[in-house]
Amino acid sequence: MLWHNFLTGSIPSEVGLLSNLGQINLQENYLSGGLPSELGALTKLTRLTLHTNSLSGSLPAEIGLMTSLTNVVMTGNWLSGPIPDLSKLTGLDTLIMYTNDLTGSLPSSITKLPNLYTLNLSTNKFSGSIPDEWAELTSLYWMIMNKNQLTGTLPEFLGTAGPNLSRLVLDSNQLVGSIPDSFANLSNMARLRLQNNLLTGELKPEVMAGWTSMGQLYLSTNQFVGTLPSEIGLLSSMDYFEANDNNLSGKIPEELWTVTNIWALYLQNNQFSGSIPSEIGLLSNIWDLDLSGNNLTGSIPSEIALMPNLIWFQILQGNSFTGTIPQEVCAVLTANQATSDVMDLCASGASIGPAPIEAVEPVEPEPIEPAPVEPAAP
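Along each chain, numbering runs from 1 in the same order as the chain's sequence is written. A pLDDT threshold of at least 70 governs which residues receive local features in this predicted model, and a stricter bar of 80 or more applies before side-chain atom pairs are shown or counted, although totals over entire chains, interfaces and linings include all residues. Side-chain figures throughout are based on the complete set of non-hydrogen atoms in the structure, without hydrogens or water.

> Whenever I open this one, the overall build of the chain confuses me. Can you help?
Tallying secondary structure elements over the chain gives three helices and 28 strands in all. We compute the radius of gyration over the C-alpha atoms and compare it with the globule rule, which gives 2.2 Å times the number of residues raised to the power 0.38. Rg of the C-alpha trace for the chain: 30 Å, well past the compact-globule value of 21 Å for 378 residues, more than 25% over. Dimensions of the chain, computed from C-alpha atoms along their principal axes, come out at roughly 120 × 70 × 40 Å. Remark: exposure states derive from per-residue accessible area (1.4 Å probe, protein chains only) relative to the maximum for the residue type, with buried under 20%, exposed over 50%, and partly exposed in between. The 378 residues of the chain split such that 46% are buried. Contacts between residues were defined by any pair of non-hydrogen atoms, one from each residue, lying within 4.5 Å. A separation of at least 24 residues holds for 52% of the contacts in the chain among residues at least 6 apart in sequence. Taken as a whole, the chain presents about 17600 Å² of accessible surface, with 53% of it coming from carbon and sulfur. Positive charges are assigned to Lys and Arg, negative charges to Asp and Glu, while His and the chain termini are left out of the count. Note that the charge is assigned to NZ on lysines, CZ on arginines, CG on aspartates and CD on glutamates. Of note, the chain has its 11 positive side-chain charges centred 22 Å away from the centre of its 34 negative side-chain charges. Helix and strand labels come from DSSP, where a helix needs a run of H or I of at least four residues and a strand needs a run of E of at least two; each type is numbered from the N terminus. Accessible areas in this description were obtained via Shrake-Rupley with a 1.4 Å probe; residue shielding takes into account the shown protein chains only.

Next comes the structure, spelled out in structure tokens:
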């Protein structure tokens, strides 16, 4: 292993002569150039780790001949072009290629990899839809393909592909349509990231009710409509939730305030209405809270002071609260040096909302003397 040794230059073609080599670890060096096709001769190699270099060019087709490979990690390079046929690498359990310049469609050949456990192709330039053939990947635990140019809908099979799927990261693509009903089966899902797409439709209660293992849920910057289901309260392990920048409406369900593990909650820029109940104070572990850009009314509850770690608190913009900011809330925010849109009001003690218009005494107009008229000449 020669990782993190400031190595420069290219990988020599003579590497193919090391026929008994079991592992290559050249990560975190300054290697450049392409991958030699001679790598295909290393049929006993189990691990190929080349991440964080400056390697470029396309992936040689000969990688598909390295039949003993179980682990391939090439993240953080400048590799380009499509992924070659990997169908013969039946023992491969880890394929991590994020942050390159890979292009083309998502490879259907990986459906022949029954042991594939971790797949990370994020931050590339893959296009097209997620292949239906990937339904055969029943061993997947992590599927990470965010920051590409993927289109089409979320496939139904993702909800039934297998019981192990725990990380599904598809944000920052161009996916459309609604969340499939089959996603109700994702009972082991711990992190679901769908933000920054073009997804539509309502958040279905029966789907959300199945996410009992959810830890982090990202739904922001889509086009979801309707209400936030009360079943959000069943996600008792969730510690991060963002659904900002959608078209969600109605009252924020009171069940949300019972998810006490949350440390970050972003619901800004929707159309939520109603008041904020005192039960919001149950979120005692929260650090970030943003409810701005909605249609909320009423007063700001003093129970927000029960959030001792609050360092980001945005609530005024776009809402219609009344009254003043409770002093105990101001005290917590000041002690935490929090970033908040209420701090000016805390300092002044002024009421929320526009300044009242002062009555103006009517002013009697000054009498206007008529100008003298010269008599007409005879």
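> Teacher, can you tell me more about the pattern of salt bridges here?
Side chains that differ in sign of charge can pair as their charged atoms come close. Throughout this description, the term salt bridge denotes a Lys or Arg side-chain nitrogen within 4 Å of a carboxyl oxygen of Asp or Glu. Applying the stated rule across the entire model yields three salt bridges. Notably, a salt bridge pairs D181 with K204, separated by 2.6 Å at the nearest N-O pair. Taken together, the positions of D181 in the loop between β15 (176-177) and β16 (191-193) and K204 in the loop between β17 (198-202) and α1 (205-208) put the pair 23 residues apart, joining distant regions of the chain.

> What is the right way to look at the confidence of the model for the chain in this model?
Residue-level pLDDT values for the chain average 92, and 93% of them are 70 or greater. On a scale of 0 to 100, pLDDT captures the predictor's confidence in every residue. pLDDT under 50 marks residues 355-378. Its contacts with residues more than four places away, or in other chains, come to zero contacts.

> Where do I start with the sheet that holds strand β21 (residues 247-251) in this structure?
By definition, the strands of a sheet pair up through backbone hydrogen bonds, in either a parallel or an antiparallel sense. Pairing within the open sheet is parallel, and its seven strands lie in the order β15-β17-β19-β21-β23-β25-β27. Two strands close off the open sheet at either side, each with one partner strand: β15 and β27 (320-321). Here two bridges tie β15 to β17, and the two strands are oriented parallel to one another. Within β17, the residue paired with G177 across the bridge is L199. Two strands pair if DSSP finds at least two bridges between them.

> Mind showing me how you'd approach the packing of aromatic side chains here?
For any pair of aromatic rings, the description rests on two quantities: the centre-to-centre distance and the angle between the ring planes. For Phe, Tyr and Trp, rings pair up if their centres lie within 6.5 Å, where Trp contributes its six-membered ring, and each pair is then called stacked (planes under 30 degrees apart), edge-to-face (over 60) or tilted (otherwise). Summed over all chains, the structure comprises six aromatic pairs. Where Y141 meets W142, the ring centres are 6.3 Å apart and the plane angle is 15°; that geometry is what we call stacked. Since its relative accessible area comes to 32%, W142 is described here as partly exposed. Through pairs of rings, three or more aromatic residues link up here, namely Y218, Y240, W263 and Y266.

> Which parts of the structure should I look at to understand the nonpolar core?
Nonpolar side chains in soluble globular proteins tend to be buried together. Definition of nonpolar core: a set of buried residues of the types Ala, Val, Leu, Ile, Met, Phe, Trp, Tyr and Cys, connected through side-chain atoms within 4.5 Å. Ranked by size, the top nonpolar core spans 104 residues in total, and within it W134, W211 and F241 carry the most contacts. Looking at which element gives the most residues to this core, the answer is helix α2 (residues 327-335), with four residues. Residues in contact with W134, not counting those within four places in the same chain, are L106, P107, S108, I110, T111, L119, L121, M143, M145 and F157.

> Looking at this model, I keep getting lost on the pairing of strand β23 (residues 271-275). Mind explaining?
Moving residue by residue along a regular strand, the side chains alternate between the two faces of the sheet. Going residue by residue along β23, you find F272 and G274 tucked away on one face and Q271, S273 and S275 left uncovered on the opposite face. Strand direction decides the pairing type here: β21 and β23, joined by three bridges, are parallel. From the neighbouring strand, S249 faces β23, where its bridge partner is Q271. In the sheet, β23 pairs with strand β25 (residues 295-298) via three bridges, with the strands oriented parallel. Bridge pairing in β25 places S273 opposite N295.

> Sorry if this is basic, but what is going on with the pairing of strand β19 (residues 223-226) here?
Where β17 lies against β19, three bridges are found, and the strand directions are parallel. The partner of T200 across the bridge, within β19, is Q223.

> What exactly am I supposed to notice about the side chain of S340 here?
You can see S340 is positioned in strand β28 (residues 339-340). Residue classification places S340 among the buried positions, given a relative accessible area of 14%. Polar contacts here mean pairs of N or O atoms no more than 3.5 Å apart (in protein, one a potential hydrogen donor and the other a potential acceptor; neighbouring residues in sequence count only if both atoms are side-chain atoms). Side-chain polar atoms of S340 contact the backbone nitrogen of V342, separated by 3.2 Å. If we ignore the near neighbours within four places in the chain, the residues touching S340 are F313, Q314 and L333.

> Looking at this model, I keep getting lost on the state of the cysteines. Mind explaining?
By definition, a disulfide is the covalent link that joins the sulfur atoms of two cysteine residues. Note on disulfides: each one is a pair of cysteine sulfur atoms within 2.5 Å. For the coordinates displayed, the defined rule picks out one disulfide. Disulfide pairing places C330 opposite C346 at an S-S distance of 2.0 Å. Because the sign of the S-S torsion sets the handedness, a value of about -85° for the bond joining C330 and C346 places this disulfide among the left-handed ones. On the criterion of sequence distance, the pair formed by C330 in helix α2 and C346 in helix α3 (residues 343-348) is long-range, its members being 16 residues apart.

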